[in-house]
Structure formats: structure tokens, C-alpha cells
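Notes for the structure review
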Amino acid sequence: MQQPATAARILEIAVPTPLRRTFDYLPGPHAPANGWHAGMRVKISFGHRDAVGIVVATKSESVLPAGKLKAIKDVIDQAPLPADWLALCRFTARYYQHSLGDTLFQALPVLLRQGRALEARTRERWSLTAKGHATTADALGRAYKQAELLEMLRLHRHGMVSSAITAQGFTRAQLDALSAKGLIEGAVEQAIAPAREHSDILAEPSLTLNREQTDALATLHTGLGTFFPTLLHGVTGSGKTEVYLQLIDAVLRRQQQALVLIPEIGLTPQTLTRFERRFSVPIVTLHSGMNDAERLDAWEAARAGRARIIIGTRSAIFTPMAAPGVIIVDEEHDDSFKQQDGLRYHARDLALFRAQTHDIPVVLGSATPSLTTLNHARQGRYHHIHLRQRAGESAQAALELLDVRARPLEGGLCPQALEAISAQLEQKRQVLIFINRRGYAPTLSCHQCGWLAECPRCDARLTLHRHPPQLICHHCDYHTRLPDACPSCASADLRPLGSGTERTEDALVSAFPETPVIRVDRDSTRRKDALSQTFEKIHKGEPCLLVGTQMLAKGHHFPHITLVVVVNADGGLYSADFRALETSAQLLTQVAGRAGRAEHPGRVLIQTHHPDDQNLLCLVQEGYDTLADNLLEERRQAQLPPFRHMVLLRGESAHLDLLTTVLETVSQELRAWLGEHARPVDCLGPVPAPMERRQGRYHMHLMLMSAHRAPLHDAAAWLANTLEHRPEARRFKWSLDVDPVGLD
Ligand code: ADP
Ligand code: ZN
Ligand code: ZN
């Protein structure tokens, strides 16, 4: 048999394993019509099981003798998976020091991982024929259901798909009957159908931009078709989203697609409606509520170019696109863009890589940009566009500090805060009380001996919950019932220490019995639609008190709220984590941004035990931007990120000795290697993690830092290689985190 020109002697195949290596196979009798290409999926036997693998290269030699190589079992794809996707995965695996196989499979929809073909599902769309239009329902006599169906379809100019029809209570038999009579016809279309030809891009007119927005859009227009990284730096409500929408409009007119990344908590029906109302082109959204088939549909439609706008959270960065035109990362500072386990990628950073390879603009939007992005902008690597005015009805609220030292606290609230709340309620307004701890109280303590409820498995306190009463560890989910007496001195005088959302809720209910108190935290919103129902209530505008955690701080704007009370701002001030101040300043500013409108600008009261803290004062008096500049300067002096880059090795074991010994040895060897190879990388540690014991296991860190990416990368690769081949390293868990967003 004649072999095609690209016939491969050996296939290099990536499989979903954490091992940083590929595996060689023979093609056997299989030969795809257009030859072998990287990105084709194949079936193989791997170890003792069948697996799907992805060809990443073809080659003529293997380190193994040909007799040792197995042949693949079958070919899945006749054409390779999208090239842009493959390139992104290769970069991701390299940059984050992760196994290529694992990266590729994590970046695929589940059904493709399992070997399903990459093709659009089809469905039938039913509409009236000419005869159907000319026929009245009466003509169908006693076939009432059919008559009803005919009338329903008459109302839908573009027809209806089968699933929508059956959802209305009609049956396949009724469709078939009308079809047999020649009154309706079905046409097969792809699951996500392309836009109708000659249809408009816009479904509703754009808003008239204000001066700042106009300038911003004009600048962004100049960047179309080139790599044009931009920080769109605008206070909450300054109209960033409107700028995105109009930029996307321009991209669509160039026959290109837009990818929009949104933080987990920001992907709300409100956000989606805004895009869907504006555009009449097909939009796909990737969110956790989708099933596997829908995910595959969306992925396929994006790859084929039928989906013109793709909106999703972190993992949507891996969606292939036929004609990419722009990538937008909204709330770019949000930490949910960083995956915190397995493949620890940052979707914002990958967005930059992707935009660069496609030669397209990337817009990073935020009211409180990350110091990393701000630094790039300050150094001139990104365009920096400011939106300083609020665009719509809202107005920026003023921040004030409340000194709570030596004040009596009711559910965490000082008398001044309670008075301010009461004054707003008298005006029939809404108040938001922000507290970053869920549960009733951060812990339970013994008033006699000072005993504190601690998690037996973690270096952490147990949180007291009331409904039902129990102690819960928020780190490992350990649950236990409340003790009747102190385990240490047997006293029965056990008291809650501090306040969580539940206790604040209780205090508010008794202080303001007339006013509804709505609590929003992970416990109160476990039910899927609970959160959106709650928000609907709040948007009605009736007076109420909202108590909640971060869930309330992001994404939503509450125009009827005229007062925000932050129960405790001190958590981030003196933390061991170098990013703690940055994230708490962002959070406080975002919370403040939820409130206020032109007529009632609103107040934000921040309770603190450190009213003289320089950073807190700076935030309150001068705002986030000034504080961010100060923090950047501190980071520069301390040579911390973003001025040096960081890689964190996390080690974890039930045996502290083993963990310490191996990490000590490896770090010494690494230092020797760095010296020998003249790599300017600092290696710190091993040191215990901030929470050393978690779930009964010990955690240690080794930290690498360098002003230069290349040597840091080499050092991380050396570490990964060394650990992967060290027998004793198999006895503990380790992972590498490139550009960590936290040191926990
Ligand atoms: P951001 O994304 O910066 O928080 P949005 O785009 O959501 O801001 O705008 C905030 C509010 O202002 C929205 O209700 C929006 O409809 C309105 N808005 C934005 N731009 C304009 C404009 N040019 N004219 C009138 N209203 C606007
Ligand atoms: Zn005691
Ligand atoms: Zn625990």
C-alpha cells in the first residue's frame, strides 16, 4: 500500500497524566486521509486501560526500540483539533510547568476528552409552509392540539426548534401529522445556528457615549487588528461595559469574534442579558450550569466561527476561535481568574499571550486594577485609559473610618454605625452591612480559662454556626457538635468570640424589628436560584438591611443602597501575605462602589481598630489609585512581585520530618545548581506554610524569586524534573505555582 507523504513512523502522544512527558506509539495500520498532524486524537491502550491521547508530534525515532512500541488502537479525528487552542495549551503547559497531557485534557470539553467527535449537534426547526400560512386552524376540525400547534408556529416568524415545541406540551406525533398534511416543514440546523444573513448586528441602539467613553473607544479603535494591550481603568459605574459593547460591535463588523472573560461571581443573568439585548448575533456563554453536550456545542460553534461572542469565566480562555478579534477581561484584578489547584493558570495572563499570538487587542477592565497590571501600564507596556466620571445615575460614595476601639459592639456593630443605619431606615432606604466571615462567630471560647475551639486537623479555629448549632472548620470542613462544657476546665461558661454574618443578622433583627434583614453568604444561598431571587427583592427598592460577605461586594450594583457599613477592615492590614493589602483595598473599594446614586451619593463607614493606619487613611482620603501607587513603591523596594517574579513550590505530607528533609536536600541542590549555572534566582526556604497543618497534613513552601523570567523558569523546570525523578518525592504531594496569587 502506498503511504501518504506525511506518513509518520512514530507518533508522540500526550495523555492525561500529571507526568511531564509524552509517550511514543506506532500508527499501526491507521492513516488519516490527510496524514498525521499534531492535535489529532487517537485511542490507545495506556497501562492497563484504554485511553484517549492527543498526537503532539510525529517523528522518525524514539528512545525506545521500535519493538517495544505499541500501536495505537484507532484514530478519532480526521482533522486536528484547532491550532490556536493547541498553541495556547503548549504555552500554558510550558509556562506553568505542568504536564502537557494534563493541560490539553483540562482545556477540552468533557465529551471531547472522552473521545466524542468534534461536530455540531443538529436539531430541527419547524415553520409554516405556504400552504400552512393559507390554512386556518378551523380547517383542522377536531384535531385541536394540531390546530393549537399551527397557531403557535404562525406567531414565530423564524420558526421554533423541536425542543422548544415539546417544552410547550406538544408531541412529535402532532408535528408529524401537520407535516404530513403539508402545513409545516422542518429544517435541520446546527445546535448553535449561524446569524441570519443580512441581519443586523445590533438588536438595540448603542448609548450615546460621554466624552471620556468616546475618547476611550476612539483609542481602542486604533488598536483593532493589532496586539494592543489596554488597561481600561474606570471607577464602578463609569461605563466600562458600554465601551466593551461598542468595541465588540466594531469587532463584529470586521467579521471577527469577541471573547469576554468575567469573574465567577460576575457571570450573572444581569450581565448576560445586557449582551443579549444589545446584539442579535449568536452569543455563547460558558458557565457552571451547562451540561457537557451544551459545552461541546458552544466550543464547536466558537471554533467554527458561528458563535460571534463568547462569554465565560476563567476556563473560557481555552475556547478556540475561527476569527478572534478581541479579548476582554472584565474585573481583571479578580482572583477567580487564577486556578488554585492542578493546572494553576491565570486566565488574564493567558489572555495576554493569546492576544499577542493572534495580533488582536486585549482590554483589561477594572475600577481597582491589580498591581501587576497597573505596573505594566505605568511602565508603558499597556495603554492606560481612564474613566473618571460615573456614566449613569450613580455617584461615588465617600469613605469614612469609624474608630471602634473600646466601643461596645452589637453583632460587630458600634453605636455610631447603628445610629447611621437607623437614620437611613427612617428615610426608607437600604443599607448594606459587609462582613467577611460567614457563620455566627469566628470561634467559641471559654470565659473561665480562655480555651478556644480549634480544629483537630488544622492550625485554625472552628467557626461557630447556629443553624444548626455546630462548630465547623472553614478550611477542611470538619464538623462537630457544640461541647456542653469547656473541654479544658469543665466550665459551662462558653461564649461566642467575635461576629460572623449570622450574629450580625441576629443583632440587626433585634435592633430593627420592623425591617427585613436579608443575609447573603455561601450558607444562605446554597440553593441555585436563591441568590437571584434575593437580588430581585433588593432591586424592588423597599427598605431593607443586607448582611453579606464578598458575594455582595462584586458585580452587582444596588442603586437603592445609600449606606454601606464595613464591619471590620483590619483583616488585610497586618497579614503575612504580601498581597493581602492589595486585595483588601480592592475589596473595600468594590464594596463602596455598590452604593449610591446621583440624588443620594451615599456613605461608606469602615469600622477599624487601627484608625491611624497609613494605608487605611490613604485609601479613605485619597482613594485606591494613590494607595496602589504607594503599594507598588513598597513592592519595588522590597523587590516583591511584580518587580520580581515568583514561583512557589508547595509540599504536603502527613509526615513533617520526611517533608522537611526532602525539601531541605532539594533546596540545597537547587542552590548549588543555580550557582554552577550562574542563574540569578533567589531560593527561600523551605518554610512552613502560613497554615502549616491543614486536614491533618503538613504544608511547607520553597520560594523562588528572580527579576528575570528565563532563569526563574529554568530553576522551576529543574525543580520539577528533580522531584519527578526522586523516589522519596513520591511519598509526598508537591506542586509548582508560577506567579502565585496567594501564599497559603
Ligand atoms: P461599569 O462597567 O464601568 O461599572 P456600566 O457600563 O455598567 O459601568 O455603566 C453603569 C451604568 O451607566 C449602567 O446603567 C449603564 O447603562 C449606564 N451608562 C453607561 N454609559 C452610559 C452613557 N454613555 N449614557 C448613559 N448611561 C450610560
Ligand atoms: Zn475553660
Ligand atoms: Zn480543619
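Overview of the structure. (Residues numbered from 1 in each chain as written. Chains lettered and ligands numbered in written order. Predicted model: local features only at pLDDT ≥ 70, side-chain atom pairs only at ≥ 80, totals over all residues. Heavy atoms only, no water.)

In this section: the pattern of salt bridges. Here the structure, examined in full by the defined rule, presents 43 salt bridges. Two residues, Arg-579 and Asp-335, come together in a salt bridge whose shortest N-O distance is 3.2 Å. Note that Arg-579 is positioned in the loop between strand S25 (561-566) and helix H17 (580-593) and Asp-335 in the loop between strand S13 (324-330) and helix H12 (347-358), a separation of 244 residues in sequence. The shortest N-O distance in the salt bridge between Arg-405 and Asp-403 comes to 2.8 Å. (Salt bridge = Lys/Arg side-chain N within 4 Å of Asp/Glu carboxyl O. Helix = DSSP H or I, 4+ residues; strand = E, 2+ residues; numbered from the N terminus.)

The subject of this paragraph is the coordination of the zinc ion (ligand 2). Within the protein, Cys-446 (SG), Cys-449 (SG), Cys-486 (SG) and Cys-489 (SG) serve as the donor atoms for the zinc ion (ligand 2), at 2.2 to 2.4 Å. Taken in chain order, the donor set of the zinc ion (ligand 2) reads C-x2-C-x36-C-x2-C. On the criterion of sequence distance, the pair formed by Cys-446 in strand S18 (residues 443-446) and Cys-486 in the loop between strand S21 (479-480) and strand S22 (494-497) is long-range, its members being 40 residues apart. Residue Cys-446 is classed as buried on the basis of its relative accessible area of 2%. Exposure remark for Cys-486: the relative accessible area of 4% places this residue in the buried category. (Donors = N, O, S within 2.8 Å, 3.2 Å for Na, K, Ca; no water. Buried < 20%, exposed > 50% of the residue type's maximum accessible area, 1.4 Å probe, protein only.)

Right, let's get into the nonpolar core. If you look at the biggest cluster of nonpolar residues, it comprises 124 residues, and the most contacted ones within it are Trp-85, Leu-104 and Leu-719. Broken down by element, the residue count for this core peaks at eight residues, all from helix H20 (residues 656-676). Setting aside residues up to four positions removed in sequence, Leu-104 forms contacts with Ala-14, Ile-54, Val-56, Trp-85, Leu-86 and Cys-89. By size, the runner-up hydrophobic cluster in this structure holds 31 residues, among which are Leu-220, Leu-267, Phe-275 and Val-326. (Core = buried A, V, L, I, M, F, W, Y, C linked by side-chain atoms within 4.5 Å. Contact = heavy atoms within 4.5 Å.)

The next point concerns the pairing of strand S20 (residues 469-472). Both strand S19 (residues 463-466) and S20 contribute to a ladder of four bridges, which runs antiparallel. Note on S20: the bridge partner recorded for His-465 is Gln-470. Joining the antiparallel neighbours S19 and S20 is a turn of two residues. Both S20 and S21 contribute to a ladder of two bridges, which runs antiparallel. The partner of Leu-471 across the bridge, within S21, is Thr-480. Where S20 folds back on S21, the antiparallel hairpin that results is connected by six residues, among which Asp-477 adopts a positive phi of roughly 70 degrees. (Pairing = 2+ DSSP bridges.)

What follows is about the side chain of Asn-615. Here Asn-615 is to be found in helix H18 (residues 614-622). Apart from residues lying up to four places away in sequence, Asn-615 is in contact with Leu-581, Leu-627, Leu-631 and Glu-634.

Moving on to the sheet that holds strand S8 (residues 184-190). The strands that make up a sheet are held in pairs by hydrogen bonds between backbone atoms, and each pair lies either parallel or antiparallel. Across the sheet, which stays open at both edges, the three strands sit in the order S7-S6-S8 with antiparallel pairing between neighbours. Where the open sheet ends on each side, the last strands, each with one partner, are strand S7 (160-161) and S8. As paired elements, strand S6 (residues 122-128) and S8 share seven bridges and run antiparallel to each other. Bridged to Thr-122 within S8 is Gln-190. Contacting S6, S7 and S8, helix H5 (residues 144-155) runs over the sheet at an angle of about 95 degrees to S6. On top of the sheet, helix H7 (residues 172-180) reaches S6 and S8; it is set at about 50 degrees to S6, its chief contact. (Axes fitted to C-alpha atoms, helices over the stretch in contact; angles between N-to-C directions.)

On to the coordination of the zinc ion (ligand 3), then. Protein coordination of the zinc ion (ligand 3) is provided by Cys-455 (SG), Cys-458 (SG), Cys-473 (SG) and Cys-476 (SG), with donor distances spanning 2.2 to 2.3 Å. Coordination at the zinc ion (ligand 3) is tetrahedral, judged from the four donor atoms that bind it and the angles of 106 to 115 degrees they form at the metal. As a motif over one chain, the donors of the zinc ion (ligand 3) read C-x2-C-x14-C-x2-C. Across the pair, exposure class does not vary: Cys-455 and Cys-458 are buried alike. (Tetrahedral: all angles 85-135°; square planar, octahedral: opposite > 155°, others 65-115°.)

The next subject is the site of ligand 1. Ligand 1 sits among 16 residues. The nearest are Thr-208, Gln-213, Gly-237, Thr-241 and Arg-274. Interatomic distance of 2.8 Å between a backbone N/O atom of Gly-237 and an oxygen atom of ligand 1. Residue Thr-241 places a side-chain N or O atom 2.6 Å away from an oxygen atom belonging to ligand 1. In isolation ligand 1 offers 550 Å² of accessible surface; the protein chains occlude 70% of this area. The leading source of residues in the shell around ligand 1 is helix H9 (residues 240-253), at three residues. Broken down by class, the residue content of the shell around ligand 1 amounts to four nonpolar, nine polar and three charged. (Near = heavy atom within 4 Å. Polar contact = N/O pair within 3.5 Å; in protein donor to acceptor, adjacent residues only side chain to side chain. Areas by Shrake-Rupley, 256 points an atom, 1.4 Å probe, with all protein chains shown as cover. Nonpolar A, V, L, I, M, F, W, Y, C, P; charged D, E, K, R; others polar.)

The next point concerns the packing of aromatic side chains. What the rule picks out here adds up to seven aromatic pairs. Each ring, one from Phe-318 and one from Tyr-345, has its centre 5.1 Å from the other, and the planes form 75 degrees; the classification is edge-to-face. With Phe-318 in the loop between strand S12 (309-312) and S13 and Tyr-345 in the loop between S13 and H12, the pair connects residues that are 27 residues apart, well separated along the chain. Residue Phe-318 is classed as buried on the basis of its relative accessible area of 5%. Ring pairs connect the aromatic residues Phe-91, Tyr-95, Tyr-96 and Phe-353, which therefore count as one cluster. (Phe/Tyr/Trp six-rings, centres within 6.5 Å; stacked < 30°, edge-to-face > 60°.)

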